[in-house]
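Take a look at the letters that make up each chain.
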Amino acid sequence: MNSNDNNYSKLIDKYVTGKILVTRSSMPGYEEYCEEIRDIWDTRWLTNMGSKHKQLQAGLIEYLGVEKLDLLTNGHMALELTMQALGLTGEVITTPFTFASTTHAIVRNGLTPVFCDIDPEDFTMDVTKLESLITDKTSAIVPVHVYGNVCNVEEIQRIADKHGLKVIYDAAHTFGETYKGKGIGSFGDVSCFSFHATKVFNTIEGGAVCFKDQAFGDKIYDLKNFGIHGPEIVESVGANAKMNEFCAAMGICNLRHVDEEIAKRKAVVERYHERLDSTDGIMLNKISPDVKPNYAYLPAVFDADRFGSSRDEVFDELAKHNIFARKYFYPLTNTFDCFKGKFDANDTPVALKVSKSVLTLPLYADLTTEQVDVICDIILSCKK
Ligand SMILES: *Cc1c(COP(=O)(O)O)cnc(C)c1O
């Protein structure tokens, strides 16, 4: 390892001025964005569902293959307002192996999260453990298509229908994916997307809800715009969660290039597989043949007994070389300090184990093969 240290730093310096982070935001060309926002200077229409908002909304309905979609200020408000619009009560079943947002949206609605364990292979909700968590207080299921791995949507819907529960998917990781040929946003009652800067498709900050029921759509619209129906008519107590025109313009530009970005991500993921698949003790994420993937993340699970080094040791070794993978998702949301004493992570033992052994590797469209090779060399140097 030591004799190679200088070579590694040189390569990293050459491409990213010192550091490789876990992700890097996709952006259109500077001129392309400037061209897209030029007419905002004529109209002076900066927000409040202007022409960029309308154009992006239409573009996304087509790209995502969904019936209806509304844009919001971020993915978190998509989740939070969806739960409010559906009038959920009591308990909501979800998983703790997710970003803070999913659990926070439940708690911030005054609801009680009930944590279901995850599947050890694809990290989504373990549907065999779902039904036993349903009580007479349960009102909804909020599963997460984590890392772009699609939940068992058929079984979740079957159980939800049997018990009269709503299904809200946290689809933040699944932009543009299809499952058995159907747009991923068309499953459940509502699917919530995030267009945060770090996601496969971004609007700087942004999000969307996909749905079929227009009555729900009307409620979301009221919640995102103060319940205002006209200059003198305010019908309900809404919040403010509108997407502005500059964010929508970024989305219009990024949508033109997203297929190309996903193709480049695919090449990066394939290189990781070539380099790491044969190593005992590393399990890279697998993609189901039913899914058209977006290559959003590449989680690697390290089995410390077989690999010889723990996840934390691999993380530290990469960090020494200015490469910053992420312990994503660690810690579990049911172990957060803000929930101290409320939940027991031992109720979700698989999630607990995965959270301690998973490392999300650097992955973005412009990561070069040489850089992936450097990252893999360092990971493999930890093999004992
Ligand atoms: C990014 C993300 C969110 C929240 O989206 P924001 O747009 O950042 O508010 C929610 N859930 C998951 C799983 C995410 O990764």
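Residues numbered from 1 in each chain as written. Predicted model: local features only at pLDDT ≥ 70, side-chain atom pairs only at ≥ 80, totals over all residues. Heavy atoms only, no water.

What about the side chain of Thr 95?
By the secondary structure assignment, Thr 95 is in the loop between strand E2 (91-94) and helix H6 (100-108). With a relative accessible area of 1%, Thr 95 lands in the buried category. Every residue in contact with Thr 95, bar those within four places of it in the chain, is listed here: Thr 103, Phe 115, Cys 116, Asp 117, Ile 118, Met 125, Val 142, Val 144 and Thr 333. (Helix = DSSP H or I, 4+ residues; strand = E, 2+ residues; numbered from the N terminus. Buried < 20%, exposed > 50% of the residue type's maximum accessible area, 1.4 Å probe, protein only. Contact = heavy atoms within 4.5 Å.)

What about the packing of helix H2 (residues 30-37) against helix H9 (residues 245-276)?
For the pair H2 and H9, interaxial distance at closest approach is 9 Å and the crossing angle is 130 degrees. As judged from the angle between their axes, H2 and H9 are oblique. The way H2 lies across H9 gives a crossing that is right-handed. Where H2 abuts H9, its residues Glu 32, Tyr 33, Glu 36 and Ile 37 lie against Phe 246, Ala 249, Met 250, Ile 252, Cys 253, Arg 256 and His 257. (Axes fitted to C-alpha atoms, helices over the stretch in contact; angles between N-to-C directions. Parallel < 35°, antiparallel > 145°, perpendicular 65-115°, else oblique. Left-handed = near helix turned anticlockwise from the far one by under 90°.)

Re the sheet that holds strand E13 (residues 291-292)
Across the sheet, which stays open at both edges, the three strands sit in the order E7-E6-E13 with antiparallel pairing between neighbours. In the strand order of this sheet, the two ends are held by strand E7 (182-183) and E13, each with one partner. One ladder, built from two bridges, connects strand E6 (residues 178-179) with E7; its direction is antiparallel. What sits directly across from Thr 178, in E7, is Gly 183. (Pairing = 2+ DSSP bridges.)

Section: the layout of surface pockets
As a volume, the largest pocket reaches approximately 500 Å³. Mapped onto the lining of the largest pocket, the elements with two or more residues apiece are helix H5 (75-85), H6, strand E8 (190-194) and strand E15 (358-361). Residues lining the lining of the largest pocket come from more than one domain, with at least three contributed by each of domain 1 (6-26 + 256-381) and domain 2 (30-253). Roughly 360 Å³ of internal volume is contained in the second largest pocket. Val 301, Phe 302, Asp 303, Lys 353 and Ser 357 are, among the 19 residues lining the second largest pocket, the residues nearest its centre. Per-element tally for the lining of the second largest pocket: the top contributor is helix H12 (residues 349-357), with five residues. Here the residues of the lining of the second largest pocket are counted per class, giving eight nonpolar, three polar and eight charged. (1 Å grid on protein atoms, 1.4 Å probe; cavity = no way out; pocket = protein on both sides within 12 Å on 5 of 7 lines; lining within 4 Å. Points joined across faces, edges and corners; volume = space filled by probe spheres on them. Domains from an automatic or database assignment. Nonpolar A, V, L, I, M, F, W, Y, C, P; charged D, E, K, R; others polar.)

Overview of the domain arrangement of the chain
Domain annotation for the chain reports domain 1 (6-26 + 256-381) and domain 2 (30-253). Centre-to-centre separation of domain 1 and domain 2, based on C-alpha positions: 25 Å. Taken residue by residue, the interface counts 38 residues in domain 1 and 43 residues in domain 2. Around 3,500 Å² of area is buried between domain 1 and domain 2 when both sides are counted, 58% of it from carbon and sulfur atoms. At the junction of domain 1 and domain 2, the tally comes to three salt bridges. Close ionic contact of Glu 36 with Arg 256 constitutes a salt bridge, the shortest N to O distance being 2.7 Å. Where domain 1 meets domain 2, there are 18 residue pairs in polar contact (both at pLDDT 80 or more). (Buried area = accessible area lost by both parts, 1.4 Å probe. Salt bridge = Lys/Arg side-chain N within 4 Å of Asp/Glu carboxyl O. Polar contact = N/O pair within 3.5 Å; in protein donor to acceptor, adjacent residues only side chain to side chain.)

Thoughts on the nonpolar core
Core analysis: the biggest nonpolar cluster contains 88 residues, and Leu 60, Phe 97, Tyr 272 and Ile 379 have the highest contact counts within it. In terms of residues, this core owes the most to one element, H9, which gives ten residues. There are two domains that each give this core at least three residues, and those are domain 1 (6-26 + 256-381) and domain 2 (30-253). The contact partners of Ile 379, leaving out residues within four places of it in the chain, are Leu 276, Ile 282, Phe 302, Phe 307, Val 314, Leu 318 and Leu 361. Residues Met 77, Leu 81, Val 92 and Ile 106 belong to the second largest nonpolar core, which totals 24 residues. (Core = buried A, V, L, I, M, F, W, Y, C linked by side-chain atoms within 4.5 Å.)

Observations regarding a nonpolar patch on the surface
A cluster of nonpolar side chains, contributed by Phe 226, Ile 228 and Val 234, occupies part of the molecular surface with about 250 Å² of accessible area. Here Ile 228 is to be found in strand E10 (residues 228-230). (Patch = residues over 30% accessible without salt bridge, like charges linked within 9 Å, V, L, I, M, F, W, Y side chains within 5 Å. Areas by Shrake-Rupley, 256 points an atom, 1.4 Å probe, with all protein chains shown as cover.)

Overview of the pattern of salt bridges
In the structure shown here, the tally under the stated rule is 24 salt bridges. Its salt-bridge partner being Asp 70, residue Lys 224 comes within 2.9 Å of it at the nearest N-O pair. Placement of the pair is Lys 224 in helix H8 (residues 214-224) and Asp 70 in strand E1 (residues 68-72), with a sequence separation of 154 residues. Each member of the pair, Lys 224 as well as Asp 70, is classed as buried. Glu 80 is the partner of Arg 108 in a salt bridge, and the nearest nitrogen-oxygen pair spans 2.9 Å. Placement of Arg 108 in helix H6 and of Glu 80 in helix H5 is noted, with a sequence separation of 28 residues between them. The class for Arg 108 is exposed, based on a relative accessible area of 59%. The class for Glu 80 is buried, based on a relative accessible area of 9%.

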